[in-house]
Amino acid sequence: MSIVTRFTSAGRQLSSHAAQAIRSLAARIDLADTARPLRNALTRGEWLAVGQEVTTAMLEGADVEDALALIASRLCEVAEADAACLVLQGVGDDWVIEFADGEDAEDLVGLVMPEGGRARQVLADRAGMIVPSFARLSSVRLPQFGRFGPALYAPLVADQQSIGVIILLRRPDAAEFTPDELKIAESFARQAALALKLAEARDAEDRAALLDERARIARDLHDLAIQHLFATGLSIARARDALEGEPAQLLDEALGGLDEAVAQIRSIVHALQRDAIPSRPMERLEREIALARHGLGFLPELEVLPSAPAVETWADGADEDLVDDVVAVVREGLSNASRHARADHVTVRLTLAEGAFTVTTSDDGIGIPPDRTRSSGLRNIAERAERWGGTLEIDTGSSGTTLVWTVPVSRAAYRLATAP
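Predicted model, so just to flag it, every value in this text is computed and none were measured.

Caption draft 1: Main features of the overall build of the protein. Tallying secondary structure elements over the protein gives 10 helices and 10 strands in all. Across the 420 residues of the protein, 39% fall into the buried class. At a minimum sequence separation of 6, the contacts of the protein that also span at least 24 residues come to 62%. Here the protein has roughly 23400 Å² of accessible surface; of this, 53% comes from carbon and sulfur atoms.

Caption draft 2: Summary view of the sheet that holds strand 7 (residues 346–353). Spatially, five strands are ordered 6-7-8-10-9 in an open sheet, and the strand pairing comes out mixed. Since the sheet does not close on itself, it has two edges, and those belong to strand 6 (301–305) and strand 9 (391–397), each with one partner. Pairs of neighbouring strands in the sheet enclose a mean axial angle of 10°, with direction left out of account. Of the strand pairs in this sheet, strand 7 and strand 8 (residues 356–363) are connected by eight bridges, and their pairing is antiparallel. Residue pairing for strand 8: valine 348 is matched across the bridge by threonine 361. Across the sheet, helix 7 (residues 308–317) is in contact with strand 6, strand 7 and strand 8; its angle to strand 7 comes to roughly 70°.

Caption draft 3: Spatial organisation of the pattern of salt bridges. Under the counting rule described, the total for this entry stands at 14 salt bridges. Between aspartate 252 and arginine 240 there is a salt bridge whose closest N-O contact spans 2.8 Å. Of this pair, aspartate 252 sits in helix 5 (residues 245–276) while arginine 240 sits in helix 4 (residues 179–241); the two residues are 12 residues apart in sequence, bridging distant segments of the chain. Overall, the relative accessible area of 24% leaves arginine 240 in the partly exposed class. With its nearest N and O atoms 3.0 Å apart, the salt bridge here joins arginine 331 to glutamate 288. Taken as a pair, arginine 331 in helix 8 (residues 320–341) and glutamate 288 in helix 6 (residues 281–296) lie far apart in primary sequence, 43 residues in all. For arginine 331, a relative accessible area of 42% gives the class partly exposed. Overall, the relative accessible area of 9% leaves glutamate 288 in the buried class.

Caption draft 4: Quick peek at helix 3 (residues 118–125). Among the residues of helix 3, Ala119, Arg120, Val122 and Leu123 are the ones counted as buried. For helix 3, the buried positions fall inside an angular range of 160° around the axis, keeping them on one side. Summarising the contacts, the buried residues of helix 3 are in contact with strand 2 (95–102), strand 3 (129–131), strand 4 (151–158) and strand 5 (161–169). Phi turns positive one or two residues past the end of helix 3, at arginine 126, with a value near 55°.

Caption draft 5: Inspection of the side chain of glutamate 186 at higher detail. Checked against the element boundaries, glutamate 186 lands in helix 4. For glutamate 186, which is buried and forms no salt bridge, the nearest opposite charge comes from arginine 190, at a distance of 5.0 Å.

Caption draft 6: Quick peek at the nonpolar core. With 35 residues, the main nonpolar core has Trp314, Leu334, Leu350, Leu352, Phe357, Val359 and Trp405 as its most contacted residues. For this core, the secondary structure elements donating two or more residues are helix 6, helix 7, helix 8, strand 7, strand 8, helix 9 (376–386), strand 10 (400–408) and helix 10 (411–418). Sorting elements by how many residues they give to this core places helix 8 first, with eight residues. Ignoring any residue separated from it by four or fewer positions in sequence, one finds leucine 350 in contact with Met282, Leu285, Leu302, Glu303, Val304, Leu305, Val311, Phe357, Thr358 and Val359. Counting residues in each nonpolar core, the second largest holds 32 residues, with Ile71, Val78, Ala189 and Ala193 among its members.

Caption draft 7: Structural view of the pairing of strand 10. Looking at chain direction, strand 8 and strand 10 are connected through seven bridges and run antiparallel. Bridge pairing in strand 10 places alanine 356 opposite proline 408. Bridging between strand 9 and strand 10 involves seven bridges; their strand directions are antiparallel. Across the sheet, aspartate 395 pairs through a bridge with threonine 402, a residue of strand 10.

Caption draft 8: Local environment of the environment of arginine 219. Among the structural elements, arginine 219 can be located in helix 4. Given the relative accessible area of 47%, arginine 219 is considered partly exposed. Along the primary structure arginine 219 and valine 269 are separated by 50 residues, whereas in three dimensions their C-alpha atoms are 7.7 Å apart.

Caption draft 9: Representation of the sheet that holds strand 4 within the structure. If you trace the five strands from one edge of the open sheet to the other, you get 2-1-5-4-3, paired in antiparallel fashion. This sheet does not close on itself; its edge strands, each paired only once, are strand 2 and strand 3. The sheet shows a mean angle of 20° between the axes of neighbouring strands, direction not considered. Looking at chain direction, strand 4 and strand 5 are connected through eight bridges and run antiparallel. Bridging across to strand 5, alanine 151 finds its partner in leucine 169. Across the sheet, helix 2 (residues 64–78) is in contact with strand 1 (83–89), strand 2 and strand 5; its angle to strand 1 comes to roughly 145°.

Caption draft 10: Molecular detail of the state of the cysteines. All chains considered together, the criterion is met by zero disulfides. We note that cysteine 76 lacks a disulfide partner, and the nearest cysteine sulfur, in cysteine 85, lies 8.1 Å from it. Overall, cysteine 76 belongs to the buried group, its relative accessible area being 9%.

Caption draft 11: How the structure looks around the packing of helix 7 against helix 10. Remark: helix 7 packs on helix 10, axes separated minimally by 8 Å, with the N-to-C direction vectors making an angle of 135°. As summarised for this structure, helix 7 and helix 10 are arranged oblique, according to the angle between their axes. In the packing of helix 7 onto helix 10, the handedness of the crossing is right-handed. Here Ala310, Thr313 and Trp314 of helix 7 lie close against helix 10, whose contacting residues are Ala413, Ala417 and Thr418.

Rules used in this analysis
- Residues numbered from 1 in each chain as written.
- Predicted model: local features only at pLDDT ≥ 70, side-chain atom pairs only at ≥ 80, totals over all residues.
- Heavy atoms only, no water.
- Helix = DSSP H or I, 4+ residues; strand = E, 2+ residues; numbered from the N terminus.
- Buried < 20%, exposed > 50% of the residue type's maximum accessible area, 1.4 Å probe, protein only.
- Contact = heavy atoms within 4.5 Å.
- Areas by Shrake-Rupley, 256 points an atom, 1.4 Å probe, with all protein chains shown as cover.
- Pairing = 2+ DSSP bridges.
- Axes fitted to C-alpha atoms, helices over the stretch in contact; angles between N-to-C directions.
- Salt bridge = Lys/Arg side-chain N within 4 Å of Asp/Glu carboxyl O.
- Arc of directions from axis to C-beta.
- Lys, Arg positive; Asp, Glu negative; His and termini not counted.
- Core = buried A, V, L, I, M, F, W, Y, C linked by side-chain atoms within 4.5 Å.
- Disulfide = S-S within 2.5 Å.
- Parallel < 35°, antiparallel > 145°, perpendicular 65-115°, else oblique.
- Left-handed = near helix turned anticlockwise from the far one by under 90°.

Listed below in structure tokens is the structure:
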């Protein structure tokens, strides 16, 4: 066999082996391309099942905190994460890890997300992100995260508002999160955020219904039961006056028992009224702040100047009609921010100065729409200021809206309230 023949034969064998290797590699690539959608579909199905479980739990009346703990727990399983955290708004502008699940995750609860950090960026952009590995970073703002590797951030967004962040963490030697997993996590987070808002709305409605029911019972007891007992007592008293001896004594004892029953009912009425409508001005204002969380999607901030005790002392001694007006002003300011502002932050500031008491409601929203035709609420609080010789100032623009409601305060009342 010539050398040319031998080279030709070897070349054919080499070409055959190369073709076989290429076909084998192509088959593997084709199998991987086929398996990837299947794997993603299975993963998406598992996440969907968890989302339905969480949503069902909240809509069936589960406590919101229990539902949040359930989210963190189930995320660890479905995402194959070593820790799952829920970041929610804390006091003021702080965003804090409120819930964490996983091995050795206890020290993560309470961590405040740093300014300019990834969680803050996700909140601002309303878009998730993947971190290849915290362990490989040269520096980590939160040292507790340094013991983890791959991480995934997904925003909890509902009605165009960021209400929190889901953070999933894996050990350093674990596989990185994929873009497909990020998409699935973002979809789950949107569903969970909507369920949370619905649950909070239900809680607010339940509390309001309970307070209304207590108020109704109190009115019925006062207007019906007590009045009926009082009329019965008068009848017994007239009968007693027409009798003598033992019958009159028995009726006297019956009247005594009736008076005790009326006193007990009055005590119950006062207790129900106190629970239904907080009696102290600051309690009423704090209740308005708490109820506003449903409409805004977050808890407004309450500032009291110069000090809470001074303002509370003045408010406790103020005219009851004036207190009603102050509560109405706070309610309207929060309602206006909820309906029109699309704000991320709202502050209610109560200021007591020599000569004036001021309620300031400010937000960082889009301002009052220029095409808004109805202004009955603002007109109402303006009239409430005028009746006390005060003023209402409104400053609105693209950077937000500020309502400043001011009424005069006597020097004597101010000095009494601020006295040490």
